Amino acid sequence: FFLFSYSANSQVAKRNQDVKISNIDFLNSDALDFSPTFYREGLVFVSSRTEGEKIDPKINERYFDLYYADLGRDGKPSPPQEFSVKINSEYHEGPVTFNKAGDKIFFTRNNLSENNKPIPNSNGIVKMKIYEADKGTSEWENIRELPFNDNEYSCLHPSIDVDNQRLYFVSDMPGGQGGMDIYYTEFKNGTWTTPINAGTKVNTPYDEVFPFIHNSGILYFSTNKPGGDGGFDLYRLMPDRAYPFAVSLGEPFN
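Residues numbered from 1 in each chain as written. Predicted model: local features only at pLDDT ≥ 70, side-chain atom pairs only at ≥ 80, totals over all residues. Heavy atoms only, no water.

A. Here's a closer look at the sheet that holds strand β7 (residues 65-70). What the 4 strands build is an open sheet, ordered β3-β4-β7-β8; its pairing is antiparallel. Each having just a single partner strand, β3 (33-39) and β8 (81-82) make up the two edges of the open sheet. Summarising the sheet, strand β4 (residues 42-47) and β7 pair through 6 bridges and their orientation is antiparallel. Bridge assignment links S47 to a residue of β7, and that residue is D65. (Pairing = 2+ DSSP bridges. Helix = DSSP H or I, 4+ residues; strand = E, 2+ residues; numbered from the N terminus.)

B. Main features of the pattern of salt bridges. Tallying each qualifying case throughout the model produces 12 salt bridges. For the salt bridge of D33 with R49, the shortest nitrogen-to-oxygen distance reads 2.8 Å. With D33 in strand β3 and R49 in the loop between β4 and β5 (55-56), this pair connects stretches of sequence that are 16 residues apart. With its nearest N and O atoms 2.9 Å apart, the salt bridge here joins D172 to K127. Taken as a pair, D172 in the loop between β14 (166-171) and β15 (181-188) and K127 in the loop between β10 (104-110) and β11 (128-135) lie far apart in primary sequence, 45 residues in all. Given the relative accessible area of 25%, D172 is considered partly exposed. Connected through salt bridges with shared partners, the residues K104, E132, D134 and R144 form a single ionic network. (Salt bridge = Lys/Arg side-chain N within 4 Å of Asp/Glu carboxyl O. Buried < 20%, exposed > 50% of the residue type's maximum accessible area, 1.4 Å probe, protein only.)

C. Focus on the sheet that holds strand β20 (residues 233-237). Strand order in this open sheet of 4 strands is β18-β19-β20-β21, and the pairing throughout is antiparallel. Of all strands in the sheet, those bounded by a partner on one side alone are β18 (208-213) and β21 (247-248). The pairing of strand β19 (residues 219-223) with β20 spans 5 bridges and is antiparallel. Following the sheet pairing, Y220 is matched in β20 by R236.

D. Focus on the packing of aromatic side chains. Per the counting criterion, the structure on display carries 19 aromatic pairs. Arranged with centres 5.8 Å apart and planes meeting at 90°, the rings of Y39 and F83 form a pair that is edge-to-face. Taken together, the residues Y39 in strand β3 and F83 in the loop between β8 and β9 (93-98) connect sequence positions 44 residues apart. Like F83, Y39 is buried. (Phe/Tyr/Trp six-rings, centres within 6.5 Å; stacked < 30°, edge-to-face > 60°.)

E. Focus on the side chain of E139. Tracing the sequence through the fold places E139 in the loop between β11 and β12 (140-145). Here E139 is buried and forms no salt bridge, its nearest opposite-charge partner K135 lying at an N-O distance of 6.3 Å. Here the side chain of E139 touches S84 through a polar contact of 2.8 Å, side chain to side chain. In terms of polar contacts, E139 uses its side chain to reach the backbone amide nitrogen of V85, at 3.1 Å. In this structure, E139 is in contact with S84, V85, K86 and D134, ignoring residues within four places of it in sequence. (Lys, Arg positive; Asp, Glu negative; His and termini not counted. Polar contact = N/O pair within 3.5 Å; in protein donor to acceptor, adjacent residues only side chain to side chain. Contact = heavy atoms within 4.5 Å.)

Below, the structure is given as structure tokens:
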């Protein structure tokens, strides 16, 4: 992954002229490295770099694990290390999101049984689920899946808002716009509510994935719908209702 920076400017065209993209060499590897999330003094991210990890035959890559790298207040970042022996498994983990206090994590994982065996759906496919866990004294504990998960479809890519009350995620559950859609659920009366589709301002018959809800209320996500610069492009939806649809971030992001 890369570091994006830009100067504040209300005009999109001008802002993009000021964008500078830098490769974060000390974090990247020759494997897949993606979905960085700020945590404490560093970043938690997803990677297939783990030596000796089994290969997922569907993508011909090692199964994903979570890594953490301290960015260093003195400007000397530490080498990435595996994030958690409790959360990382023999199968896929990530992406993740943390609540504001940093003592609760929501993460994607393959649908696994209590003894960490994959659970296939009726078509023989192991789907993804969203789990949460609490920060203990030395490790994450009390790992449990969220109530709206289902063996038949995937729920993945969580992102929680600054108030810890709304969780955005991706799913191919029935009733969506088509492909993968972005949904949200709200924390009420001690539980997460039935998910709500984010609607046609965001979702299309194609795939909308990797949502990120900024503290300002802007929803960023990726989609492969037609009209972009190619493949998956980055879009954003402003919280102001005056904006009728999400817009592309344009070059050089896309």
